[in-house]
Amino acid sequence: MPRRRDADVAIRATDLSLARSTRGAVDVRVVDGASFVVPHGGTLAIMGPTGAGKSSLAAVLAGVDAPGLAVVGGDAWVEGIPVRHPGRSRRELTYFTGYLAQSAGAKLPARMTVADVIGEPITSRDRRVNQRALAVRVATLLDELMLPLGAAAKYPYELSAGMRQRVAFAQTLVLEPRVFIADEPFANMDVEVRRAARDAILRRRARGMSTLVVTNDAEVVRELSADVLVLRGGHTVAYGRGTTDLLWTPSSEADHRLVAS
């Protein structure tokens, strides 16, 4: 894992507001005034109903350049890098952060082999990479995520949905990120495979990796011993430890049921 920046926490959001704009339409606030902290080696789960702003928040924190999505208030810092105006540090932000987008396994490039897909975050930055060392790293990730080594030479369309999700998972971890940001990371995984993916996160967390996951699965929160931020309509309605020790805003009965499921 790269040497840590001189930052007191992995992620700090202060009154962060995001808006999405469309051509000819009024900008819509998708996150409004979110504040939270993720310590080094800590885990935060973002929960809430569809349209709450969870995925938008994860994408912005990961440094994704999403068309029409912008920070319009407050700010957030990931490993000390501001997401509102990262400037030349955006490349550094995307290097420190491993981002697993929602349904990432279904969006893998069809013309690249699995080995090329997993190694792409490295080869896109260094064309002179040691190919033997890269092949070993890819093989290690395949084994860790319970994928056959023969999958390295296959193309994504030759794999099942669950296997493709694990390939995307491996790609996210190949740079040994300081911060792992994942949107429904265990989608399409059966129980045994999900356990392997969870353990991959926990091993790296023990070495200092911080984690932010978007999920409405209370079991994921328990497995990762996560703090929880609950959003509804872009607003924070609860924040605390796990799903049973949350401080709620008034009139949040429906959200109570969602988190308890």
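Rules used in this analysis
- Residues numbered from 1 in each chain as written.
- Predicted model: local features only at pLDDT ≥ 70, side-chain atom pairs only at ≥ 80, totals over all residues.
- Heavy atoms only, no water.
- Helix = DSSP H or I, 4+ residues; strand = E, 2+ residues; numbered from the N terminus.
- Rg over C-alpha atoms; globule rule 2.2 N^0.38 Å.
- Buried < 20%, exposed > 50% of the residue type's maximum accessible area, 1.4 Å probe, protein only.
- Pairing = 2+ DSSP bridges.
- Contact = heavy atoms within 4.5 Å.
- Axes fitted to C-alpha atoms, helices over the stretch in contact; angles between N-to-C directions.

Caption draft 1: Quick look at the overall build of the chain. In terms of helices and strands, the chain carries 8 helices and 11 strands. For 261 residues, the compact-globule formula gives about 18 Å, and the C-alpha radius of gyration of the chain, at 18 Å, lands near that figure. Summarising its shape, the C-alpha atoms of the chain cover approximately 55 × 40 × 40 Å along the three principal directions. Within the chain, the proportion of its 261 residues that are buried is 49%.

Caption draft 2: Structural context of the sheet that holds strand β2 (residues 28-38). Strand order in the open sheet formed by 4 strands is β2-β1-β4-β5, with antiparallel pairing between adjacent strands. If you trace the sheet from one side to the other, it starts and ends with β2 and β5 (81-82), each paired once. Across the sheet, helix α1 (residues 54-61) touches β1 (11-20), β2 and β4 (69-78), and the angle it forms with β1 is around 120°.

Caption draft 3: Highlighting the side chain of T43. On the secondary structure map, T43 appears in strand β3 (residues 43-47). Here T43 falls in the buried class, since its relative accessible area comes to 5%. Setting aside residues up to four positions removed in sequence, T43 forms contacts with V38, R205, T211, L224, A226 and D227.

Caption draft 4: Highlighting the sheet that holds strand β11 (residues 245-248). One open sheet accounts for 7 strands, arranged β6-β7-β8-β3-β9-β10-β11; its pairing is mixed. A strand with exactly one partner marks an edge of an open sheet, and here the two such strands are β6 (97-100) and β11. The mean inter-strand angle of the sheet, taken between neighbouring strand axes irrespective of direction, is 15°. In terms of strand pairing, β3 meets strand β9 (residues 227-232) through 4 bridges, oriented parallel. Bridged to M47 within β9 is V230. Running over the sheet, α1 touches β3, β6, β7 (179-183), β8 (210-214) and β9 and is turned about 150° from β8. Along the sheet, helix α5 (residues 161-173) contacts β6 and β7; its crossing angle with β6, the most-contacted strand, is approximately 165°.

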